[in-house]
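Read off the chains here:
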Amino acid sequence: MKTQVIVTDPDHPGPAEIARGVEVLAGGGLTAFAAETVYGLGAQAFDPAAVAAIFAAKGRPAVNPLIVHVGDIGQARICASEWPDEADRLARALWPGPLTLVLPRSSMIPDLITAGGSTVGLRVPASPVALALIRGLGSPIAAPSANRSNHLSPTRAEHVVADLDGQIDLVIDSGPTAIGLESTVLDLTTTPYRILRPGPILIQDLETILGPGNVVQDALAGSTGILKSPGSLAVHYAPRSPAFRASTRAEVDRAIGLEGVVVVAIGGHAGLDLSRSPRHILESPDEAARGLYDLMRRCDLMEPRAIVVLMPPDEPRWRAVRDRLARATCPLAEWPGSGD
Ligand code: AMP
Ligand code: MG
């Protein structure tokens, strides 16, 4: 298969580019496009064969469900069998935006999308390209991130091409994505409501709408006080090079200056002397969200012996970035090379 790449404006997508994307989707094909979060790999959600093609192109295991992107609340209600008042209030306040709501599925949703489960993840994306594709198609688009399974999510069209060239029909290149991290996923089918994946919408944003104490989130792997065993760490969103995380300067000191080590310092490490290693610094949560996956991909291209990440502080505004880093890295103490 030859993958076609077309370029369009992110704020005012061209009618011809959108029409081509819609044509591919309506024919059961796969179109990659920029959401405000990351690039998604889209297929018509109500077409089981098209949805199956997403799993094949990504090498995605069938146990991992897909998010369904809808154009408005009306379309969301067609995909869900229940639309509780909480969903309505959240959707009115935060859609279009990076919040996925998990609700009981309706019979319109193919089994593959839900990984055989009884719930479906729904959201209205905020990017003009995504919204124009959904409106043009006239029905929802199932779209996971447009990367090979387990690899870093793509935030630029070049990342999609690097992972999926020859596997998909079309990439609509509208430049780097605005946010750079995947949506917050909130399960509304359990009490209290549970954040399944931290993201750009924070727990306090949700509590403002749902009430304090009504939302829970799991502790992160590797965060203070919680030590999950290394084997239980879900590796996801990961670079190809061996990648390790350090929380203190003393820890990272052992790795600085070692041959083949790239250091990535994220958040508030002013004054740390990293000059002996190739290094990259992402200062604020927004900058880190936008730049993290691109930086990891660029580090990979250097083929380092190890990427060592100095973690941002354990604060709510860093939650989503810390979550992705915890999945992309192992504790530096586990690095055999750190003793030499
Ligand atoms: P991605 O491949 O980054 O788009 O990830 C989609 C993610 O959304 C999945 O890995 C799940 O974490 C989450 N998700 C989607 N649908 C559901 C669902 N029905 N129940 C729970 N989580 C879901
Ligand atoms: Mg993904």
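See the structure above.
What you see is a predicted model, and the numbers here were worked out from it, not measured in a lab.

Asks: Mind showing me how you'd approach the overall build of the protein chain here?
Replies: Counting its regular elements, the protein chain contains 10 helices and 16 strands. A globule of 340 residues ought to have a C-alpha radius of gyration of about 20 Å, and the protein chain, at 20 Å, matches this closely. The buried share of the protein chain, taken over its 340 residues, is 55%. Of all intrachain contacts in the protein chain linking residues separated by at least 6 positions in sequence, the fraction that spans at least 24 positions is 67%. Split by element, the accessible area of the protein chain, about 14000 Å² in all, is 53% carbon and sulfur. Charged side chains in the protein chain number 30 positive and 37 negative. The centres of these two groups are separated by 3 Å.

Asks: Can you walk me through the state of the cysteines in this structure?
Replies: By definition, a disulfide links the sulfur atoms of two cysteines through a covalent bond. Throughout the structure, instances matching the rule amount to zero disulfides. Free cysteine cysteine 299: the closest other cysteine sulfur is in cysteine 330, separated by 16 Å.

Asks: Explain the sheet that holds strand β16 (residues 330–331) here, please?
Replies: Consider a sheet: its strands pair through backbone hydrogen bonds, and that pairing is either parallel or antiparallel. The five strands lie next to each other as β14-β13-β15-β12-β16, forming an open sheet whose pairing is parallel. Both outer strands of the open sheet, β14 (279–282) and β16, are each paired with one neighbouring strand and no more. Relative to strand β15 (residues 306–310), strand β13 (residues 261–266) runs parallel, the two sharing five bridges. When the sheet's bridge partners are listed, alanine 265 is paired in β15 with leucine 310. Across the sheet, helix α9 (residues 285–301) is in contact with β13, β14 and β15; its angle to β14 comes to roughly 165°. Sitting on the sheet, helix α10 (residues 319–328) touches β12 (243–246), β13 and β15, and the angle it makes with β12 is about 130°.

Asks: Can you walk me through the site of ligand 1 in this structure?
Replies: Near ligand 1 lie 15 residues; those nearest to it are Arg60, Asn64, Thr119, Pro144 and Arg197. Contact distances for ligand 1 include 3.3 Å between an oxygen atom and a backbone N or O atom of serine 145. One nitrogen or oxygen atom from the side chain of arginine 197 is found 3.1 Å from an oxygen atom belonging to ligand 1. Protein coverage of the free-state accessible area of ligand 1, which is 500 Å², stands at 85%. Looking at the shell around ligand 1, the elements that each hand over two or more residues are β6 (119–123) and β10 (193–197). If one sorts the elements of the shell around ligand 1 by residue count, β6 sits on top with three residues. Here the shell around ligand 1 is built from residues that sort into seven nonpolar, four polar and four charged.

Asks: How do you make sense of the packing of α9 against α10 when you look at a structure like this?
Replies: The N-to-C vectors of α9 and α10 enclose an angle of 20°; their axes lie 9 Å apart at closest approach. In terms of orientation, α9 lies roughly parallel with respect to α10. Where α9 crosses over α10, the handedness of that crossing is left-handed. Contacts from Pro285, Ala288, Ala289, Leu292, Tyr293 and Met296 in α9 reach Val321, Arg324 and Leu325 in α10. Grouping the constituent residues of the contact of α9 with α10 by class yields eight nonpolar, no polar and one charged.

Asks: Whenever I open this one, the pattern of salt bridges confuses me. Can you help?
Replies: For side chains of opposite charge, pairing can occur when their charged atoms come near one another. Under the counting rule described, the total for this entry stands at 14 salt bridges. The residue aspartate 111 makes a salt bridge to arginine 105 at a minimum N-O spacing of 2.7 Å. Classification of aspartate 111 by relative accessible area gives exposed; the value is 52%. Residue classification places arginine 105 among the buried positions, given a relative accessible area of 18%. A network of salt bridges, in which partner residues are shared, links Glu182, Asp323, Arg324 and Arg327.

Asks: Explain the sheet that holds strand β9 (residues 184–187) here, please?
Replies: Here 11 strands make up an open sheet; going across it, the order is β1-β8-β2-β3-β7-β4-β6-β5-β9-β10-β11 and the pairing mixed. Across the chains shown, the open sheet's two edge strands, defined by having one partner strand only, are β1 (4–7) and β11 (215–217). Here four bridges tie β1 to strand β8 (residues 170–173), and the two strands are oriented parallel to one another. Bridge pairing links valine 5 to valine 171 in β8. The strands that helix α1 (residues 15–26) touches are β1, β2 (31–34), β3 (39–44), β7 (141–142) and β8; relative to β8, the one it contacts most, it runs at about 150°. Docked against the sheet, helix α6 (residues 157–164) engages β1, β2, β3 and β8, running at close to 160° with respect to β8.

Asks: Honestly, the packing of aromatic side chains in this entry has me stumped. Any pointers?
Replies: Pairs of aromatic rings are described using the distance from one ring centre to the other and the angle between the two planes. With the rule as written, the count across this model stands at two aromatic pairs. Consider the rings of tryptophan 83 and tryptophan 95, whose centres lie 6.1 Å apart with planes at 45°: the pair is tilted. Of this pair, tryptophan 83 sits in the loop between α3 (73–79) and α4 (85–94) while tryptophan 95 sits in the loop between α4 and β5 (99–104); the two residues are 12 residues apart in sequence, bridging distant segments of the chain. Its relative accessible area of 10% is what places tryptophan 95 among the buried residues. When the centroid spacing of 5.8 Å and the interplanar angle of 35° are considered together, the rings of phenylalanine 244 and tryptophan 335 count as tilted.

Rules behind the numbers
Residues numbered from 1 in each chain as written. Chains lettered and ligands numbered in written order. Predicted model: local features only at pLDDT ≥ 70, side-chain atom pairs only at ≥ 80, totals over all residues. Heavy atoms only, no water. Helix = DSSP H or I, 4+ residues; strand = E, 2+ residues; numbered from the N terminus. Rg over C-alpha atoms; globule rule 2.2 N^0.38 Å. Buried < 20%, exposed > 50% of the residue type's maximum accessible area, 1.4 Å probe, protein only. Contact = heavy atoms within 4.5 Å. Areas by Shrake-Rupley, 256 points an atom, 1.4 Å probe, with all protein chains shown as cover. Lys, Arg positive; Asp, Glu negative; His and termini not counted. Charge placed at Lys NZ, Arg CZ, Asp CG, Glu CD. Disulfide = S-S within 2.5 Å. Pairing = 2+ DSSP bridges. Axes fitted to C-alpha atoms, helices over the stretch in contact; angles between N-to-C directions. Near = heavy atom within 4 Å. Polar contact = N/O pair within 3.5 Å; in protein donor to acceptor, adjacent residues only side chain to side chain. Nonpolar A, V, L, I, M, F, W, Y, C, P; charged D, E, K, R; others polar. Parallel < 35°, antiparallel > 145°, perpendicular 65-115°, else oblique. Left-handed = near helix turned anticlockwise from the far one by under 90°. Salt bridge = Lys/Arg side-chain N within 4 Å of Asp/Glu carboxyl O. Phe/Tyr/Trp six-rings, centres within 6.5 Å; stacked < 30°, edge-to-face > 60°.

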